[in-house]
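Coordinates in review
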Amino acid sequence: EPEVTQTPSHQVTQMGQEVILRCVPISNHLYFYWYRQILGQKVEFLVSFYNNEISEKSEIFDDQFSVERPDGSNFTLKIRSTKLEDSAMYFCASSEDSGGANEQFFGPGTRLTVL
Amino acid sequence: QKEVEQNSGPLSVPEGAIASLNCTYSDRGSQSFFWYRQYSGKSPELIMFIYSNGDKEDGRFTAQLNKASQYVSLLIRDSQPSDSATYLCAGRGWGGSQGNLIFGKGTKLSVKP
């Protein structure tokens, strides 16, 4: 069964460093998403991406964040200068379509720890 | 501000009982609702979705939607210890740029053998 994959599973970094989180969405999906979940808190939407551009982003997704689809399979989230409060699980998701009842399939997540 | 509210629990039920999980939402523009199950340290896993008023059944799970009351629920019949997890309710717009999910904090369910 096709699935969303994410690497690495755990990333530890020093405050101020840049990190890149990688995702491989399901191959025939066209819409891609990043969410994050701070420990003990709700899953929060960061950004959605379609047709090689951002279609929607939340207030959390400020200038420190960027997304890219560098090739036909990968979808990346870059945090330029990490802060302690960026420590969270980051989930990538993909779907065939953007709305209605279309299911978003979640990857296993990357746990980011900023020291 | 779009919000989805859930009682964080924990909700404890004995094995074989019915577990009832509830969710309210603030945005009348939300059209479809999703129930995800999340085990500790894992990613959300879709259980079912609903977008029409009324009930929708899938095996041991029944989702209920009342758009007038802005209320969504999930019933789990014949609860099993393996159902012990956090259940996330999420709302979503319809089409276009409204594809992102708005999640509640989740209700932690514990099914006691």
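Worth saying up front: this structure is predicted, and the values here are computed from it rather than measured. (Residues numbered from 1 in each chain as written. Chains lettered and ligands numbered in written order. Predicted model: local features only at pLDDT ≥ 70, side-chain atom pairs only at ≥ 80, totals over all residues. Heavy atoms only, no water.)

**Here's the deal with the confidence of the model for chain A**
Selection criterion: pLDDT is defined as a per-residue confidence score from the predictor, taking values between 0 and 100. A run of H or I in DSSP counts as a helix once it spans at least four residues, and a run of E counts as a strand once it spans at least two, with each numbered from the N terminus.
Looking at chain A as a whole, the pLDDT averages 93, with 97% of positions reaching at least 70. The spread of mean pLDDT over the elements of chain A runs between strand β6 (residues 53–57) of chain A, the lowest at 91, and strand β11 (residues 110–114) of chain A, the highest at 98.

**Quick word on the state of the cysteines**
Applied cut-off: A pair of sulfur atoms, both from cysteines and within 2.5 Å, is called a disulfide here. The buried label goes to any residue with under 20% of its type's maximum accessible area, the exposed label to any with over 50%, and the partly exposed label to all in between, with areas taken from a 1.4 Å probe on protein chains only.
By the definition in use, this model includes two disulfides over all chains. Through a disulfide, Cys23(A) is tied to Cys92(A); the S-S separation comes to 1.9 Å. Taking the sign of the S-S torsion, about -60° here, the bridge from Cys23(A) to Cys92(A) comes out left-handed. Of the two residues, Cys23(A) sits in strand β3 (residues 19–24) while Cys92(A) sits in strand β9 (residues 88–95), which places them 69 residues apart along the sequence. Put simply, Cys23(B) and Cys89(B) are joined by a disulfide, and their sulfur atoms are 2.1 Å apart. Negative torsions about the S-S bond denote left-handed disulfides, and the value of about -70° found for Cys23(B) with Cys89(B) makes this one left-handed. With Cys23(B) in strand β3 (residues 19–25) and Cys89(B) in strand β9 (residues 85–92), the pair connects residues that are 66 residues apart, well separated along the chain. Taking relative accessible area as the criterion, Cys89(B) reaches 0% and is therefore assigned buried.

**Topic: the sheet that holds strand β1 (residues 5–7) of chain A**
Two pairing modes exist for strands in a sheet, parallel and antiparallel, and in both the strands are linked by backbone hydrogen bonds. All names here are of chain A. Convention followed: Only when DSSP finds a minimum of two bridges between them are two strands counted as paired. In this analysis an axis means a line fitted to C-alpha atoms, helices contributing only their contacting stretch, and an angle means the value between N-to-C directions, from 0 to 180 degrees.
Taken together, the four strands give an open sheet; going across it, the order is β1-β3-β8-β7, and neighbouring strands pair in antiparallel fashion. The sheet is open, and its two edges are formed by β1 and β7 (65–68), each paired on a single side. The average undirected angle you get between the axes of adjacent strands in this sheet is 20°. Here β1 pairs with β3 via three bridges, running antiparallel. Residue pairing in the sheet places Gln6 in a bridge with Cys23 of β3.

**Quick word on the interface of chain A and chain B**
The criterion, for reference: Any two residues whose heavy atoms approach within 4.5 Å at even a single point are treated as in contact. A simple way to read buried area is as the amount of 1.4 Å-probe accessible surface that goes missing from two parts once joined, with both sides added. Here, a salt bridge means any Lys or Arg side-chain nitrogen found within 4 Å of an Asp or Glu carboxyl oxygen. Side-chain atoms alone can form a polar contact between residues adjacent in sequence; in general such a contact is a pair of N or O atoms within 3.5 Å, and within protein one must be able to donate a hydrogen while the other accepts it. Gly is put with the polar residues, along with every residue not named as nonpolar or charged; the nonpolar set is Ala, Val, Leu, Ile, Met, Phe, Trp, Tyr, Cys and Pro, and the charged set is Asp, Glu, Lys and Arg.
In this complex, chain A contributes 25 residues to the contact, which on the side of chain B involves 27 residues. Between chain A and chain B lies a buried interface of about 1800 Å² when both sides are counted; carbon and sulfur atoms form 52% of it. For Lys42(A), the salt bridge is made with Glu3(B), and the minimal N-O distance between the two is 3.7 Å. Across the chain A-chain B interface, the total number found is four residue pairs in polar contact (both at pLDDT 80 or more). Among the residues forming the side of chain A that touches chain B, the class breakdown is nine nonpolar, 11 polar and five charged.

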